[in-house]
Amino acid sequence: QHLSNTAWAFATAGHASPQLFKAISAEVVRRVLGNFNPQDLSNTAWAFATAGHESSELFNAISAEAVRRRLGGYSAQSLSITAWAFATAGHASPELFNAISAEAVRRRLNGFNEQNLSNTAWAFATAGHESSELFNAISAEVVGRRLGGFKEQNLSITAWAFATAGHESPELFNAIAAEAVRRRLGGFKEQELCNTAWAFATAGLASPELFNAISAETVRRRLGGFKEQSLSNMAWAFATAGHEAPELFKAISAEAARRGLGGLTEQALSTIAWAFATSGHASPELFKAISAEAARRGLGGFNEQALSNTAWA
C-alpha cells in the first residue's frame, strides 16, 4: 500500500520523478504481487499511466496477477481504473481485457457509476479490444439510466468510444443526442462538442437536432477556444454527416484565416479542404490559404491519400 500510495501521490500532483517511478517499478516486480490488494494494483497501474512512465515489466506483472485472481475482489471502480490505465499506457494485454470484460458482464455492471461506464468504454475502444458483449451491456445500462446523471464529458466520451469501436447502438446514440439537445450543450467543452459531432458522423447516425444544436453553439462561441485540429474535425463531421450548416462553415473559414494554417497538420489541411468541397461551401480565401500553406511546406508531409483528397477538393 505504501508503494501504491506513493506512486499515486506523485502522479496526482503531476510531479515527474523518473528515478522514483523506476525504483517503485523494480520493487513491485521484485515482490510477490499476492500481497497487493486489488485497489493497490489498480492504483499503481493508474499512477504509472497518469505519470506517463513506461514500465512493461510492471504492467505485465499487474496483468498476470489480476488474471490469475480472475479479478476476484476487484470493485467496479478498480476494474474501470485498470482498463483505463492499460489503455492510456498503450500496453496491450488481451488476457486482462478479456477478463475485465467477462467480469463486468457477469456482474451486469452492478456498481459501475457513470464515470466508470464511460471510462471502460473509452479504454476498450482506445485499446482496440473488441468485446460486443461488454459494449451491449454498457449500452443497455446507459440507456436504462436515462443519462440524467452523466456529465457532458461522459456523454461525449461514450459516443466517441462506441463510434471508435465500430459498435452499432442506435438506442444509445439517440439517447445521447436527446440528452445533449435537452441541455442545449451549454456545459460541453469545445473538444467535447467536436468529439460528439465526430462520433455521430463516424457512426453514420443522422441527428439533425443535435447537429443543429452543435452548429449553433459552436458559432455562438466564435471558435476562439477550439484547437486547429478541432476545427478540421468539426468540418469533417458535418460534411460526412451531410448536414448543411452555412454559418458554421463560414465561421470555421473566418477563424482559420484569422489564425493562419501553420498549426494544422498536413492531414488536417487536406481534411478541411475535403470537408468544404464536399459540403459545397465556397471559401476562396480559405482555399487560397490552404494552397499557399501546402506549397510553402513543399508537400513532403502529405501522404498519398492527403494529396489525392486535396487535389479532389
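Please refer to the structure higher up on the page.
We now turn to the structure provided with this report.

### Focus on the pattern of salt bridges
Alright, step 1. The full count for this structure, using the stated rule, is 20 salt bridges.
Alright, step 2. Across the salt bridge formed by Arg 221 and Glu 190, the nearest N and O atoms sit 3.6 Å from each other. Linking Arg 221 in helix 12 (residues 208–221) with Glu 190 in helix 11 (residues 190–203), this pair joins segments that are 31 residues apart in sequence.

### As for the packing of aromatic side chains
Alright, step 1. On inspection of all chains with the given rule, the structure shows 9 aromatic pairs.
Alright, step 2. When the ring of Phe 249 is compared with that of Phe 276, the centres are 4.9 Å apart and the planes differ by 85°; the resulting orientation is edge-to-face. Highlighted residues: Phe 249 in helix 14 (residues 246–259) and Phe 276 in helix 15 (residues 266–279), separated in sequence by 27 residues. With respect to burial, Phe 249 and Phe 276 carry one shared label: buried.

### Describing unusual backbone geometry
Alright, step 1. Located in the positive-phi region is Arg 222, a residue other than glycine, with phi close to 65°.
Alright, step 2. One can find Arg 222 in the loop between helix 12 and helix 13 (228–241).
Alright, step 3. Positioned with a positive phi, Leu 299 is a non-glycine residue whose angle comes to about 65°.
Alright, step 4. If you trace the backbone, Leu 299 turns up in the loop between helix 16 (284–297) and helix 17 (304–312).
Alright, step 5. Leu 299 gets classed as partly exposed once you look at its relative accessible area, which sits at 39%.

### Some points on the packing of helix 4 (residues 56–68) against helix 5 (residues 76–89)
Alright, step 1. At a minimum axis separation of 12 Å, helix 4 and helix 5 run at an interaxial angle of 150°. Comparing their axes, helix 5 and helix 4 come out roughly antiparallel. Like other packed secondary-structure pairs, helix 4 and helix 5 cross with a definite hand, here left-handed. On the side of helix 4, the interface is formed by Phe 59, Ile 62 and Ser 63, while helix 5 contributes Ala 85, Phe 86 and Ala 89.
Alright, step 2. A per-class count over the contact of helix 4 with helix 5 returns 5 nonpolar, 1 polar and no charged.

### Concerning the packing of helix 13 against helix 14
Alright, step 1. The contact between helix 13 and helix 14 brings their axes to 11 Å, and the two run at 155°. In this view, helix 13 runs roughly antiparallel relative to helix 14, as classed from their interaxial angle. Crossing hand, helix 13 versus helix 14: left-handed. Along its contact with helix 13, which presents Glu 228, Leu 231, Met 234, Ala 235, Phe 238 and Ala 239, the element helix 14 presents Leu 248, Phe 249, Ile 252, Glu 255 and Arg 259.
Alright, step 2. Here the residues of the contact of helix 13 with helix 14 are counted per class, giving 8 nonpolar, no polar and 3 charged.

Procedures and definitions
- Residues numbered from 1 in each chain as written.
- Predicted model: local features only at pLDDT ≥ 70, side-chain atom pairs only at ≥ 80, totals over all residues.
- Heavy atoms only, no water.
- Salt bridge = Lys/Arg side-chain N within 4 Å of Asp/Glu carboxyl O.
- Helix = DSSP H or I, 4+ residues; strand = E, 2+ residues; numbered from the N terminus.
- Phe/Tyr/Trp six-rings, centres within 6.5 Å; stacked < 30°, edge-to-face > 60°.
- Buried < 20%, exposed > 50% of the residue type's maximum accessible area, 1.4 Å probe, protein only.
- Axes fitted to C-alpha atoms, helices over the stretch in contact; angles between N-to-C directions.
- Parallel < 35°, antiparallel > 145°, perpendicular 65-115°, else oblique.
- Left-handed = near helix turned anticlockwise from the far one by under 90°.
- Contact = heavy atoms within 4.5 Å.
- Nonpolar A, V, L, I, M, F, W, Y, C, P; charged D, E, K, R; others polar.

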